[in-house]
Amino acid sequence: MMSDISRNGVGGGGQPGRIGIGLELDETHLKILEVLRENGRISVAALAERVGISRANAYTRFEALRADGAIKRFTAEIDHGRAGLGITALIFVTVRQQMWKQFRAELARMPEVEYCAITTGQHDAMIQVRVADVAAVHTMVTDRLANIPAVKATETVFILDEVLRRPYVLPGDGRQASRQARRPAPEERGEVPLGKMRFVGAAEGRAALRKDD
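Residues numbered from 1 in each chain as written. Predicted model: local features only at pLDDT ≥ 70, side-chain atom pairs only at ≥ 80, totals over all residues. Heavy atoms only, no water.

Draft legend 1. Representation of the overall build of the protein. A tally of regular secondary structure across the protein gives seven helices and four strands. Reading the protein from its N terminus to its C terminus gives the helix and strand order α-α-α-β-α-β-β-α-β-α-α. Here the protein holds 213 residues, and 27% of them are scored as buried. For the protein, the exposed surface amounts to about 15,000 Å²; the carbon and sulfur share of it is 52%. (Helix = DSSP H or I, 4+ residues; strand = E, 2+ residues; numbered from the N terminus. Buried < 20%, exposed > 50% of the residue type's maximum accessible area, 1.4 Å probe, protein only. Areas by Shrake-Rupley, 256 points an atom, 1.4 Å probe, with all protein chains shown as cover.)

Draft legend 2. Up close: the pairing of strand β3 (residues 125–131). Most of β3 is tucked away, with seven of its seven residues classed as buried. Side chains of β3 alternate between two faces, with Ala125, Ile127, Val129 and Val131 and Met126, Gln128 and Arg130 buried alike. In this structure, strand β1 (residues 87–95) lies alongside β3, joined through seven bridges in antiparallel fashion. Bridging from a neighbouring strand, Leu90 pairs with Gln128 of β3. Looking at chain direction, strand β2 (residues 113–118) and β3 are connected through five bridges and run antiparallel. Bridge assignment links Val113 to a residue of β3, and that residue is Val129. The turn linking β2 back onto β3 is made up of six residues, and Gly121 within it adopts a positive phi angle of 100°. (Pairing = 2+ DSSP bridges.)

Draft legend 3. How the structure looks around the packing of helix α2 (residues 44–51) against helix α3 (residues 55–68). Their axes nearest at 8 Å, the elements α2 and α3 cross at an angle of 100°. What the angle tells us is that α2 and α3 run roughly perpendicular. For the pair α2 and α3, contact is made by Val44, Ala45, Leu47 and Ala48 and by Arg55, Ala58 and Tyr59, respectively. Taken together, the residues that form the contact of α2 with α3 break down as six nonpolar, no polar and one charged. (Axes fitted to C-alpha atoms, helices over the stretch in contact; angles between N-to-C directions. Parallel < 35°, antiparallel > 145°, perpendicular 65-115°, else oblique. Contact = heavy atoms within 4.5 Å. Nonpolar A, V, L, I, M, F, W, Y, C, P; charged D, E, K, R; others polar.)

Draft legend 4. The arrangement of the pairing of β1 in detail. A large share of β1 lies buried, amounting to seven of its nine residues. Relative to strand β4 (residues 151–158), β1 is paired through seven bridges, and the arrangement is antiparallel. Bridged to Thr94 within β4 is Ala153.

Have a look at this one:
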């Protein structure tokens, strides 16, 4: 498994602040990342087979991706509903501009915060939280965020359904989608789509019968 590739800890994320080795990613590197996106625990042998390279080459390239920082760490993806965190909300925050340091420090002490990004537009930051129920979101916004001096205003949006989530995207994803979009329809390729019927006119059928005679 990938977690066994390196005794230095693939899952540990490497050394904090380590500078990359300047690796230039080629198509093979990107293919490795594409395979790992589907299964981060794939074995070296299976990875090499999927990419079409030798096992030694796969191992060397994988370690280079780690050393460069292109692969930061391996982690598990959980079902938040099964874990008891059925409510997800986005909280947009307006921050007092001289108090960003305090805002960051207070946010780091909130374990229910999954993600935070500084944004452009009407608000200054977006926080994504996962909690057990709506009451927990209300408590966080009114009792905790509202009491942080750095927070000037908030706006909360509940997520009803997470339609799509990818671990990461790659440069070739857009090109692949474009190729698929340009692919002719089955009818244009002379194929009959599953579940559809093609009717033959009576005159055409009689002509075929006459040929057989």
